[in-house]
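Report on the structure
Take a look at the letters that make up each chain.
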Amino acid sequence: MATNRTFTMLKPDAIENGYTGKILDMIIAAGFEIKAMKLTRLTTEQAQEFYAVHSERPFYGELVEYMTSGPIIAAILEKENAVADFRTLIGATDPAEAAEGTIRKYYAESKGRNACHGSDSDENAEIEGKFHFSANEIM
Ligand code: IDP
Ligand code: MG
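Predicted, not measured: the structure shown is a model, and the values here were computed from it.

What counts, and at which threshold
- Residues numbered from 1 in each chain as written.
- Chains lettered and ligands numbered in written order.
- Predicted model: local features only at pLDDT ≥ 70, side-chain atom pairs only at ≥ 80, totals over all residues.
- Heavy atoms only, no water.
- Helix = DSSP H or I, 4+ residues; strand = E, 2+ residues; numbered from the N terminus.
- Buried < 20%, exposed > 50% of the residue type's maximum accessible area, 1.4 Å probe, protein only.
- Near = heavy atom within 4 Å.
- Polar contact = N/O pair within 3.5 Å; in protein donor to acceptor, adjacent residues only side chain to side chain.
- Areas by Shrake-Rupley, 256 points an atom, 1.4 Å probe, with all protein chains shown as cover.
- 1 Å grid on protein atoms, 1.4 Å probe; cavity = no way out; pocket = protein on both sides within 12 Å on 5 of 7 lines; lining within 4 Å.
- Sits in = over half its atoms within 2 Å of the grid points.
- Nonpolar A, V, L, I, M, F, W, Y, C, P; charged D, E, K, R; others polar.
- Pairing = 2+ DSSP bridges.
- Axes fitted to C-alpha atoms, helices over the stretch in contact; angles between N-to-C directions.
- Contact = heavy atoms within 4.5 Å.

Some remarks on unusual backbone geometry
- One non-glycine residue, Asn81, adopts positive backbone phi at about 60°.
- Looking at where Asn81 falls in the secondary structure, it is placed in the loop between strand E3 (72–78) and helix H5 (82–90).
- For Asn81, a relative accessible area of 43% corresponds to the partly exposed category.
- The phi torsion at Ala115 lies on the positive side, around 70°, for a residue other than glycine.
- Mapped onto the elements of the fold, Ala115 is located in the loop between helix H6 (103–107) and strand E4 (116–118).

Set out below in structure tokens:
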């Protein structure tokens, strides 16, 4: 069953480059409601666990190093069809391939430093949201 919720992180490059407000504006303008949000910094162990599915990929070390290099903003978002609509809003992993008008097209630096995370399924949205927030932090 679709939960109408997704999980996002504004990644270290987005915060560092001063795009926090612009990206949050795009998210809200697209109809997503913020149900939880915090500025935080991942430990190496947290980044390794969050991206465990990629542990065999050649970019895993680089990914963990990047995701722990500075603060991130983690958030739970709500909207009808949240997971799919948010993936459309962020665009392709590689900004060179991202559609016009998407967050990664505007704000990502590269395929690795790509500004914004979006869950890829309802199941992962739930797991990832709970990874970052305790029940009382979720509205
Ligand atoms: P997604 O974030 O669009 O779902 P995934 O393939 O799940 O993309 O990869 C997770 C993250 O790993 C990407 O968002 C990006 O930060 C990083 N990544 C993916 N592919 C590469 C790569 O080829 N080089 C470096 N980093 C990568
Ligand atoms: Mg993914």
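More follows now that the structure is in view.
Remarks on the site of ligand 1
- Close to ligand 1 lie Lys11, Tyr51, His54, Phe59, Glu62, Leu63, Arg87, Thr93, Arg104, Lys111, Gly112 and Asn114, which account for all nearby residues.
- Take Arg104: an N or O atom from its side chain is 3.0 Å from an oxygen atom of ligand 1.
- With respect to ligand 1, the backbone of Gly112 contributes an N or O atom lying 2.7 Å from an oxygen atom.
- For ligand 1, whose free accessible area comes to 520 Å², the fraction covered by protein is 81%.
- Counting atoms within 2 Å of the grid points, the majority share of ligand 1 lands in the largest pocket.
- Of the residues in the shell around ligand 1, the class split is 3 nonpolar, 4 polar and 5 charged.

Here's the deal with the sheet that holds E4
- Strand order in this open sheet of 4 strands is E2-E3-E1-E4, and the pairing throughout is antiparallel. Strands with a single pairing partner mark the edges of an open sheet, and in this sheet they are strand E2 (33–40) and E4. Strand-to-strand twist across the sheet, computed as the mean angle between neighbouring axes with direction ignored, equals 15°.
- Docked against the sheet, H5 engages strand E1 (5–10), E3 and E4, running at close to 155° with respect to E4.
- Sitting on the sheet, helix H7 (residues 122–132) touches E1, E2, E3 and E4, and the angle it makes with E1 is about 55°.

Keep in mind that these numbers describe shape and distance, not what the molecule does.
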